[in-house]
Amino acid sequence: MQLPAALIEFLPKVRSVGAITGAGVSAESGIQTYRGQGGVYDDPDVGDQTVEALSGETLAVDPDLTWRTIAAMARQSRDARPNPAHHALVAIEKKVPRFALLTQNVDPLHQEAGSRNIIPIHGDLYATRCLECNGRSRMEREDFETLDAAPRCKACGGVLRPGAVLFGETLPLEESMRMRKEFVDFIPDLVVIAGTTALFPYIQQPVLLARQAGRLTVEVNPERTLLSDVVDFFLKGKAGTLLPLLADALP
Ligand code: OAD
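**Considerations on the domain arrangement of the protein chain**
Alright, step 1. You can read the domains of the protein chain as domain 1 (5-31 + 82-122 + 170-249) and domain 2 (40-76 + 128-164).
Alright, step 2. When each unit is reduced to the centre of its C-alpha atoms, the spacing between domain 1 and domain 2 is 28 Å.
Alright, step 3. Note on domain 1 versus domain 2: buried area summed over both sides is about 280 Å², and carbon and sulfur give 36% of it.
Alright, step 4. Run the count over domain 1 and domain 2 and you get one salt bridge.
Alright, step 5. Measuring nitrogen to oxygen at the nearest pair gives 2.6 Å for the salt bridge that ties Arg 141 to Glu 112.
Alright, step 6. For the side of domain 1 that touches domain 2, the per-class residue count stands at four nonpolar, two polar and one charged.

Okay, here's the thing in structure tokens:
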């Protein structure tokens, strides 16, 4: 597989890159996507229940259910390690003076691969906060192994909330501000979006802004999405194949 010559030609001019990722970037690490074939939400048996369990409303009335659902997902990705797509984004970050990675993923694979300027806009699955005293703590991978009820705060005994943003909740403030700084107030020379259905307006916006401003926009996905007709280059294929090609082609 090769990148289009017209894309390669533009790369020497790129001084700043904004990358946007979703579940598809972790798919080759063995983590289920949310939508599409094999997607958690599209499971004909439990998909709808999963969506309901992962909502702020359910957390308020039945935190054990929310946590059991999260723990099952965390166990499924227990052995996941960064794949060539994660490593390619680290390589890209090292090649350009300015780089930001906006990720919707709540797994720790970008962090484990070594990406630095990460904006985890949907939170971090392992970072918890007490619903009573607001105390912050962290879960480890092994904490999910036996978890079958909401974990409790070591300080006050209150129920902990998971670090991931749930359905019906607002985005975390600090990450929203950073997203604005890196993708709206500043528009990168190259915006590359990979492995996401790009359903949310705040995920589409950086790509639309970059396109409007005449910057280079690239999408990597085996399937077409809402953005495929908007970007300059839709690269049809897997992130683990195409992002390393892009990283190598950047001078
Ligand atoms: P989705 O599950 O909606 O989409 C995954 C995308 O990855 C699809 O477009 C697939 O075609 C694509 N894909 C699959 N395998 C791929 C591969 N090997 N390489 C590249 N792309 C691949 O996941 P997201 O768009 O990330 O929210 O979902 C957005 C949010 O919805 C998630 O962050 C999650 C969910 O509710 C929270 O956790 C808060």
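**Quick word on the site of the ligand**
Alright, step 1. By nearness alone, 22 residues border the ligand, and Tyr 34, Arg 35, Tyr 41, Thr 196 and Thr 197 come closest of all.
Alright, step 2. The contact in question runs from a nitrogen atom of the ligand to an N or O atom on the side chain of Glu 28, over 2.8 Å.
Alright, step 3. Here an oxygen atom of the ligand sits 2.7 Å away from a polar atom, N or O, in the main chain of Tyr 34.
Alright, step 4. Compared with its free state, where it exposes 800 Å², the ligand has 91% of that area covered by protein.
Alright, step 5. Its residues assigned to classes, the shell around the ligand shows nine nonpolar, nine polar and four charged.

Conventions used here
- Residues numbered from 1 in each chain as written.
- Predicted model: local features only at pLDDT ≥ 70, side-chain atom pairs only at ≥ 80, totals over all residues.
- Heavy atoms only, no water.
- Domains from an automatic or database assignment.
- Buried area = accessible area lost by both parts, 1.4 Å probe.
- Salt bridge = Lys/Arg side-chain N within 4 Å of Asp/Glu carboxyl O.
- Nonpolar A, V, L, I, M, F, W, Y, C, P; charged D, E, K, R; others polar.
- Near = heavy atom within 4 Å.
- Polar contact = N/O pair within 3.5 Å; in protein donor to acceptor, adjacent residues only side chain to side chain.
- Areas by Shrake-Rupley, 256 points an atom, 1.4 Å probe, with all protein chains shown as cover.

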